[in-house]
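Summary of the model geometry
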Amino acid sequence: MTRRIFILLVLASALTGCGLRPAGNTTPLQVHPDMDSQPKFKAQSASAFFADGRANRPAVPGTIAYGHLHEDDVLMTGKDASGNLVKSNPLPVTEATLRYGQERFNINCAPCHGRLGDGNGLVKTRSFGALNPANLQETRLREVADGHIFDVITNGIRTMQPLDGNIPVSDRWAIISYVRVLQRSQLANIKDVPTGTDIKAPDPSATPIPAASPAASSATGTATTSPAASAAASPAKATPTKK
Ligand code: HEC
């Protein structure tokens, strides 16, 4: 008997605890209020407690959000202390940086500027010329300071939108290093070939190899053919008679 009464009590309290309302009353009967009503401030609400009438407390001056300590102006803005665009990249140029920059360029810039940076990306072709991405191979853009390109990526320029939300700061600098590689790759001449490399004058009947150059190949990490290896390879290459 005592057990049945106990079960009934448990059931009744469970039901009423779930907000059972007595007929005609809109206020739920709360047998167990538990933590339903707590003294607290909701975000952005008013409060008579603080002098400024806001429940939210402003951040203490000088507070820096986690991961947002930006001490290096050159890295963060591409400008030096006097506000001039920095000439060169604050990131050290390493093979890893260039490879990474290449990947990021191909993802973030190539759709508009093309994989060669010549401004002929898919966006240009598909927009029927409505959007005209700059040709990064232009002499002016070869000569601009690295800080300028950083500024363009960060803040956009004319019809190019800012990409600061999409591309983290160090990625921007890696991309800039790679833009320099692309520019260099289109200006290569015979003097760039390391001495001792077995290289022949271009064969006019051969199919042109796009964008192959010492600058580009060192960027992608291709080892320069050693004299021994090329000497071994050349007799074999020379055997098939050319048309
Ligand atoms: C959505 C297309 C688009 C993307 C993506 C884009 N650009 Fe551009 N960019 C443009 C257009 C369009 C212009 C020409 C702006 C103008 O002259 O109105 C331009 C201009 C430039 C210029 C020339 C600035 C000058 O001084 O005239 C540079 C440098 C540049 N972009 C670099 C980049 C780099 C680096 C990336 C990748 C991080 C990138 N852009 C991504 C569309 C794009």
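The following refers to the structure shown. Everything numeric here is computed off the predicted structure, so don't read it as measured data. (Residues numbered from 1 in each chain as written. Predicted model: local features only at pLDDT ≥ 70, side-chain atom pairs only at ≥ 80, totals over all residues.)

Of all hydrophobic cores here, the largest spans 16 residues; its most connected members are I149, I175, I176, Y178 and V179. Of all the secondary structure elements, the ones that give two or more residues to this core are α3 (95-108), α7 (146-155) and α8 (169-185). In terms of residues, this core owes the most to one element, α8, which gives eight residues. Setting aside residues no more than four positions away along its own chain, Y178 makes contact with L98, G101, Q102 and F105. (Core = buried A, V, L, I, M, F, W, Y, C linked by C-beta atoms within 7 Å. Buried ≥ 20, exposed ≤ 12 C-beta atoms within 10 Å, placed from the backbone. Helix = DSSP H or I, 4+ residues; strand = E, 2+ residues; numbered from the N terminus. Contact = placed C-beta atoms within 7 Å.)

Taken together, 23 residues form the shell around the ligand, and within it C109, C112, R158, T159 and M160 come nearest. Of all elements in the fold, only α4 (110-113), α7 and α8 reach the threshold of two or more residues within the shell around the ligand. Here the residues of the shell around the ligand sort into 18 nonpolar, four polar and one charged. (Near = placed C-beta within 6 Å. Nonpolar A, V, L, I, M, F, W, Y, C, P; charged D, E, K, R; others polar.)

Here we come to α8. Compared with an ideal rise of 1.5 Å per residue, which puts 17 residues at 24 Å, α8 spans 25 Å between its outermost C-alpha atoms and is within 8% of the ideal. Among the 17 residues of α8, 13 are classified as buried, and the element is accordingly described as predominantly covered. (Expected span 1.5 Å × (residues − 1).)

On to the packing of α7 against α8. It is the contact of α7 with α8, at a shortest axis distance of 10 Å, that shows an interaxial angle of 125 degrees. When the interaxial angle is binned, α7 and α8 end up oblique. Considering how the two elements wind past one another, α7 and α8 form a crossing that is right-handed. Along the contact surface, α7 presents D146, I149, F150, I153 and T154, while α8 presents R172, W173, I175, I176 and V179. Residues that form the contact of α7 with α8 fall into these classes: seven nonpolar, one polar and two charged. (Axes fitted to C-alpha atoms, helices over the stretch in contact; angles between N-to-C directions. Parallel < 35°, antiparallel > 145°, perpendicular 65-115°, else oblique. Left-handed = near helix turned anticlockwise from the far one by under 90°.)

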